[in-house]
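Okay, here's what each chain looks like letter by letter:
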Amino acid sequence: MCGLIGCTGVKCAAKILYGGLEDLEYRGYDSAGIAVLEKGKIVAAKRKGRVCALKTAAEELCGTSGIGHTRWATHGRPSDENAHPHTSGRFSVVHNGIIENYSKIKEELEGEGYEFSSQTDSEVVVHLLNKYYRGDLKETVLCAVERLKGAFALCILCEGYEGFVAVKYRNPIIVGYGSGGALYAASDMPALAGLSGSVAVLKDGQIAFASEGKISFCDFYGEPVCLTFSPVPAAARSTRLGGFPHYMIKEINEIPAAVKNTAHAFAEEKCFAALSRAAKKRGGFGEIFMCGCGTAYHSALAASYFAEAELGIPVRAETAGEFRYKKSAVGGGTLFVAVSQSGETADTVEAARAAKAAGAYVVALTNVPYSALTGIADTVVPVRAGTEICVAATKSYCGQIAALALLSATLKGGTAYSRTLADLKEIGAKCSAAISDCGVEDVARACASSSGVYFIGRGIDYPVALEGSLKLKEVSYVPGEGYPAGELKHGTIALIDGGTLAVAVITDRSLGEKTASAVEQIYSRGGRAAVVCAEGCAPSNLAERADFIIEVPACPAYLSPIVSVIPLQLIAYRTAVILGRDPDKPRNLAKSVTVE
């Protein structure tokens, strides 16, 4: 949530900042703003709406140091006043996160005469800086952050200091060196690609001071710390559309590569050996918990089906936001798998902390190797889907299923791991065929004209139905839900009429007749139905009766969620386009949810 960027030592800070905000817009697009130092004074411009609304104002700014922000609103509606940066005295600040004790601080500051111009929690930070400033910037920052509770990444400008300050606590921030003495900071790696040659990831409770070609670090107690700089990952450098009209369709087309690269990374990073050692040391795992939010939860739920069948132990999938607040029987015999595309999802990170504190062995399964989640985990299982710009996850979901299949096979032992690697090598071609061969246009038009779309499936097809429903709602705003096919008649069928559409997912031949029965119930109530099925899995009578039928290549059942989800992603994408929605930046959403 929210994107931050800072720079100093550049020819035109505003130009750099504006370009960086375009790269970070997937993190929030309710408003955007830039502040620069012009002749030692702070000058700011900020606008409600997407980054492009800031372009004209940004072109009028000059200066060699500055900070920028693209906002996902938490406190205060989207408006010019609530846009960042916030300024007080000689300071300007941009913030990502939540200041949980802001109301108490605000009351104190207002009692001291400070006037607030926004409804945000973030404005208290800049007033605290102004309050504590006595000529020593470092001491000022330390005094201010000591007062803050919650989660925050900050970039700070101060008049009289030709540079910027970056602060990190439970929200991500990265700093980097560029050419010619240029220094940078950003919320995520793509904004630094092409600018920084080397980068370092701040850890919780660390502060970076960037000025005059150098970056120094300290902790929240003022003690110096050292960080290691590394080259910008290659994946972060390829974030352009490359001829596609939207990132969503580009990233769907990258699914075969995501699966292939994830399988390669699992072997390259010796995950097999690490997990095997952990299982042996603990005498095996008696149970597995898998946690995630949104799409990551759906991949965990799909994995719980095949992992439990393969391992013969309880495997439970839960939403991270619920897990972290319940009293779960997690202990030393538990393997806890935290699934997150960004590795920064607040609920998932805190769930992993809670599981580790209870004695569980924690695995982080993430697409971002430098995230908060990887810092908590005992072992990291990489998802190598590459940078995902579209807010709605597509290729990362398929990469997660691949990684979870390899994790399950590793724990099984014997020939399971080599068999899974061999199966995954075949999946790429099946995904490519599903992308290029399945015709979704008629189904998408039916979705676009429907009052509701209900996705159903049984067994491992149920999590895929959930994911298909989520994708359609996210990018097209067409209402609907995903259900186990057997649950349709227990309430939801009351919503079925001629204006609704059901999408049935069938990849398990043994359950095909059961799902077909649910479709017949839909027809008997005047509804319409589309069937997405693996080759040869749909009962013949259903294939003949369905309003729409889409076939995908058959594959091993445990990997079917990788292939069967592709038509559902394409349906969501085309529905959004037909309705004139922006599939890359759905309203009210942000890519990385770093607050509760």
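Everything in this summary refers to the structure shown in the same document. All values reported here derive from a predicted model rather than from experimental measurement.

### Thoughts on the sheet that holds strand 8 (residues 161-169)
- An order of 5-6-7-8-12-13 is seen for the six strands of this open sheet, with the pairing classed as antiparallel. Of all the strands in the sheet, the pair left with one neighbour each is strand 5 (86-88) and strand 13 (214-219). Neighbouring strand axes in the sheet, compared pairwise and without regard to direction, differ in orientation by 20 degrees on average.
- Against the sheet, helix 4 (residues 123-132) contacts strand 5, strand 6 (91-99) and strand 7 (150-158), and its axis sits at roughly 135 degrees relative to strand 6.

### A look at the nonpolar core
- In this structure, Ile34, Met290, Phe306, Val337, Val381 and Ile562 are the most contacted members of the largest nonpolar core, which totals 121 residues.
- Membership of the second largest hydrophobic core comes to 28 residues, among which are Phe91, Ile99, Ile105 and Cys158.

### A word on the sheet that holds strand 1 (residues 3-8)
- Here we have eight strands laid out as an open sheet, ordered 3-2-4-1-10-9-11-14, and antiparallel in their pairing. At either end of the open sheet lies a strand with only one pairing partner, and these are strand 3 (41-48) and strand 14 (230-231).
- In terms of strand pairing, strand 11 (residues 196-201) meets strand 14 through two bridges, oriented antiparallel. Residue pairing across strands places Val199 opposite Ser230, the latter belonging to strand 14.
- Those strands touched by helix 1 (residues 13-24) are strand 1, strand 2 (31-38), strand 4 (65-71) and strand 10 (183-186), and its axis lies near 155 degrees from that of strand 1.

### Brief notes about helix 17 (residues 509-524)
- Its 16 residues give helix 17 an end-to-end C-alpha distance of 23 Å, which sits within 8% of 22 Å, the value for a rise of 1.5 Å per residue.
- Listed in full, the buried residues belonging to helix 17 are Gly512, Thr515, Ala516, Ala518, Val519, Gln521, Ile522 and Tyr523.
- Just beyond helix 17, the residue with positive phi is Gly526, at close to 85 degrees.

### What to know about the environment of Leu568
- Checked against the element boundaries, Leu568 lands in helix 19 (residues 560-578).
- Looking at Leu568, the relative accessible area reads 1%, which means it is buried.
- Sequence spacing of Leu568 and Thr140 is 428 residues, and the spatial spacing of their C-alpha atoms is 52 Å.
- Excluding its chain neighbours within four sequence positions, the residues that come into contact with Leu568 are Phe455, Val464, Gly468, Val503, Val505 and Val532.

### Some points on the packing of aromatic side chains
- Throughout the structure, instances matching the rule amount to 12 aromatic pairs.
- Residues Phe217 and Phe229 carry aromatic rings whose centres are separated by 6.1 Å and whose planes lie at 45 degrees to one another, so their mutual orientation is tilted. Of this pair, Phe217 sits in strand 13 while Phe229 is found in the loop between strand 13 and strand 14, placing the two residues 12 residues apart along the sequence.
- According to the relative accessible area criterion, Phe217 is buried, its value standing at 9%.
- One aromatic cluster is present, formed by Phe152, Tyr169 and Phe220 through successive ring pairs.

### Some words on the packing of helix 16 (residues 461-476) against helix 19
- Where helix 16 meets helix 19, the closest approach of the two axes is 9 Å, and the angle between their N-to-C directions is 20 degrees. Judged on the interaxial angle alone, helix 19 and helix 16 are roughly parallel. Between helix 16 and helix 19 lies a crossing of right-handed hand. In this structure, helix 16 contributes Val464, Glu467, Gly468, Lys471, Leu472, Val475 and Ser476 to the contact, and helix 19 contributes Pro561, Ser564, Val565, Leu568, Ala572, Tyr573, Thr575 and Ala576.

### Observations regarding the packing of helix 15 (residues 441-448) against helix 19
- As a packed pair, helix 15 and helix 19 sit with axes 8 Å apart at the nearest point and diverge in direction by 55 degrees. In terms of orientation, helix 15 lies oblique with respect to helix 19. Helix 15 and helix 19 meet at a crossing whose hand is right-handed. Where helix 15 approaches helix 19, its residues Glu441, Val443, Ala444, Arg445, Cys447 and Ala448 are matched on the opposing element by Ile571, Arg574, Thr575 and Ile578.
- Here the residues of the contact of helix 15 with helix 19 are counted per class, giving six nonpolar, one polar and three charged.

### Remarks on the pairing of strand 16 (residues 315-319)
- Of the pairings in the sheet, the one linking strand 15 (residues 287-292) to strand 16 comprises five bridges and is parallel in character. Bridge pairing in strand 16 links Cys291 to Glu318.
- Read as a crossover between parallel neighbours, the route from strand 15 over helix 9 (residues 295-311) to strand 16 is right-handed.

### Quick word on unusual backbone geometry
- Omega for the bond connecting His84 with Pro85 falls within 30 degrees of zero, at 5 degrees, which places this linkage in the cis form.
- Tracing the backbone shows Pro85 in the loop between strand 4 and strand 5.
- We note that Asn588 has phi near 70 degrees; this positive angle belongs to a residue other than glycine.
- In this fold, Asn588 is placed in the segment after helix 19.
- Residue classification places Asn588 among the exposed positions, given a relative accessible area of 58%.

### Some words on the side chain of Asn82
- Considering the arrangement of structural elements, one finds Asn82 in the loop between strand 4 and strand 5.
- Among the residues examined, Asn82 registers a relative accessible area of 0% and is labelled buried.

### Here we look at the environment of Glu223
- In this structure, Glu223 sits in the loop between strand 13 and strand 14.
- Taking relative accessible area as the criterion, Glu223 reaches 47% and is therefore assigned partly exposed.
- For Glu223 and Gly294, which are 71 residues apart along the polypeptide, the C-alpha to C-alpha distance reads 39 Å.
- Discounting chain neighbours no more than four positions away, the residues touching Glu223 are Phe217 and Cys218.

### Examining the state of the cysteines
- According to the stated counting rule, one finds zero disulfides in the structure shown.
- Just so you know, Cys158 is unpaired, no disulfide at all, and the nearest cysteine sulfur is the one on Cys143, 14 Å from it.
- Cysteine Cys431 is unpaired, with the sulfur of Cys398 as its nearest cysteine sulfur at 5.9 Å.

### A look at helix 16
- Helix length check: helix 16 (16 residues) gives 22 Å between terminal C-alpha atoms against 22 Å at 1.5 Å per residue, within 8%.
- In terms of burial, helix 16 is largely enclosed, as 15 of its 16 residues are buried.
- Positive phi shows up at Tyr477, right after helix 16, with a value of about 70 degrees.

### A short note on the environment of Cys7
- Topologically, Cys7 is positioned in strand 1.
- Classification of Cys7 by relative accessible area gives buried; the value is 0%.
- Not counting the four nearest positions on each side in its chain, Cys7 is found in contact with Ala13, Ile16, Leu17, Thr64, Ser65, Gly66, Phe164, Leu183 and Tyr184.

What counts and what doesn't
Residues numbered from 1 in each chain as written. Predicted model: local features only at pLDDT ≥ 70, side-chain atom pairs only at ≥ 80, totals over all residues. Heavy atoms only, no water. Pairing = 2+ DSSP bridges. Helix = DSSP H or I, 4+ residues; strand = E, 2+ residues; numbered from the N terminus. Axes fitted to C-alpha atoms, helices over the stretch in contact; angles between N-to-C directions. Contact = heavy atoms within 4.5 Å. Core = buried A, V, L, I, M, F, W, Y, C linked by side-chain atoms within 4.5 Å. Buried < 20%, exposed > 50% of the residue type's maximum accessible area, 1.4 Å probe, protein only. Expected span 1.5 Å × (residues − 1). Phe/Tyr/Trp six-rings, centres within 6.5 Å; stacked < 30°, edge-to-face > 60°. Parallel < 35°, antiparallel > 145°, perpendicular 65-115°, else oblique. Left-handed = near helix turned anticlockwise from the far one by under 90°. Nonpolar A, V, L, I, M, F, W, Y, C, P; charged D, E, K, R; others polar. Right-handed = clockwise from strand over helix to strand, strands pointing away. Disulfide = S-S within 2.5 Å.

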